[in-house]
Every structure is written in structure tokens, then in C-alpha cells.
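Topology and contacts: notes
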Amino acid sequence: MASAARVLAGLCLLVPIVVMMWVPSYSKVTPKLGGMPFFYWYQLLWVLLSALFTGTAYLLIRRDEAARRAAAAAPGADAPAAPVVPAPKDGGRS
């Protein structure tokens, strides 16, 4: 089952892909930034933003994995309990 952190991490990885695939959003010259056409500075901006989104996804997955390990190691976790073997009726002398 996917946790909320894993879904959010997936979205963090999906955002830069979708934005870069949507070419009409950035195939223009204006507005310029320091004489650089919009197309170029927008692409460079997304290099940095993609790194931030990827780092965020990594941290979310890492935190989720730590929480899963802690839950699995906790006593009374979803692990099946050890079977209770009843004591022999003859006091163990057989």
C-alpha cells in the first residue's frame, strides 16, 4: 500500500517532467532576464527546481522507509505472535 509520503514523492518527480514536456508554456522570447531570452533562463531555472523536487522526493522516501522500519521493529507490530504451546498435562515427565 502506498503511503501519502510515497504519493507525494511521486508527484515531486512528476512535476518537472510534465512542465518540461509542455513546450508551449516556454517557447517564447519575452520576458527577458538580464538580456537572456525567456526560453533559456526558464530552462536553467528548471534545472535548479528539478534538483529541489528530486531532493524532496528522496527525503520523503527516506523518512517513509525509516517509519516503516520502526513500525516493523516495534513490539506488537503486525507480525504474527508466537504460538502459545500449552504445558504438558503430565508435568513434562513423558
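Here, every reference points to the structure presented above.
Here's what I pulled together on the structure shown here. In this text the structure is predicted, and so the values were computed from the model without any measurement. (Residues numbered from 1 in each chain as written. Predicted model: local features only at pLDDT ≥ 70, side-chain atom pairs only at ≥ 80, totals over all residues. Heavy atoms only, no water.)

Moving on, we come to a nonpolar patch on the surface. A surface patch of nonpolar side chains, amounting to about 680 Å² of accessible area, comprises Val7, Leu8, Leu11, Leu14, Ile17, Val18 and Met21. Relative to the helices and strands, Met21 resides in helix 1 (residues 4-21). On the basis of relative accessible area, Met21 is assigned to the exposed category, the value being 67%. (Patch = residues over 30% accessible without salt bridge, like charges linked within 9 Å, V, L, I, M, F, W, Y side chains within 5 Å. Areas by Shrake-Rupley, 256 points an atom, 1.4 Å probe, with all protein chains shown as cover. Salt bridge = Lys/Arg side-chain N within 4 Å of Asp/Glu carboxyl O. Helix = DSSP H or I, 4+ residues; strand = E, 2+ residues; numbered from the N terminus. Buried < 20%, exposed > 50% of the residue type's maximum accessible area, 1.4 Å probe, protein only.)

Turning our eyes to something else, we now look at the pattern of salt bridges. Considering all chains together, one arrives at three salt bridges under this definition. Close ionic contact of Asp64 with Arg6 constitutes a salt bridge, the shortest N to O distance being 2.7 Å. Separated by 58 residues along the polypeptide, Asp64 in helix 2 (residues 38-73) and Arg6 in helix 1 bring together distant segments of the chain. Here Arg6 falls in the partly exposed class, since its relative accessible area comes to 26%. One salt bridge connects Asp64 with Arg68, and the closest N-O pair in it is separated by 3.0 Å. Of this pair, Asp64 and Arg68 are both found in helix 2, four residues apart, which corresponds to roughly one turn of the helix. Classification of Arg68 as partly exposed rests on a relative accessible area of 36%. The structure contains a network of salt bridges with shared partners spanning Arg6, Asp64, Glu65 and Arg68.

Trans peptide bonds make up most of the peptide bonds, and negative phi angles are found at most residues other than glycine. Residue Pro31 is bonded to the preceding Thr30 through a cis peptide linkage, with omega at 0°. With respect to the helices, strands and loops of the structure, Pro31 is situated in the loop between helix 1 and helix 2.

Counted by the stated rule, this structure contains seven aromatic pairs. Between the aromatic rings of Tyr26 and Phe39, the centroid separation amounts to 5.7 Å while the plane-to-plane angle is 35°, which identifies the pairing as tilted. One end of the pair, Tyr26, is in the loop between helix 1 and helix 2; the other, Phe39, is in helix 2, with 13 residues separating them in the sequence. Judged by its relative accessible area of 32%, Phe39 falls in the partly exposed class. Note on Phe38 and Trp41: the rings are 5.0 Å apart at their centroids and 90° apart in plane angle, and the pair reads as edge-to-face. (Phe/Tyr/Trp six-rings, centres within 6.5 Å; stacked < 30°, edge-to-face > 60°.)

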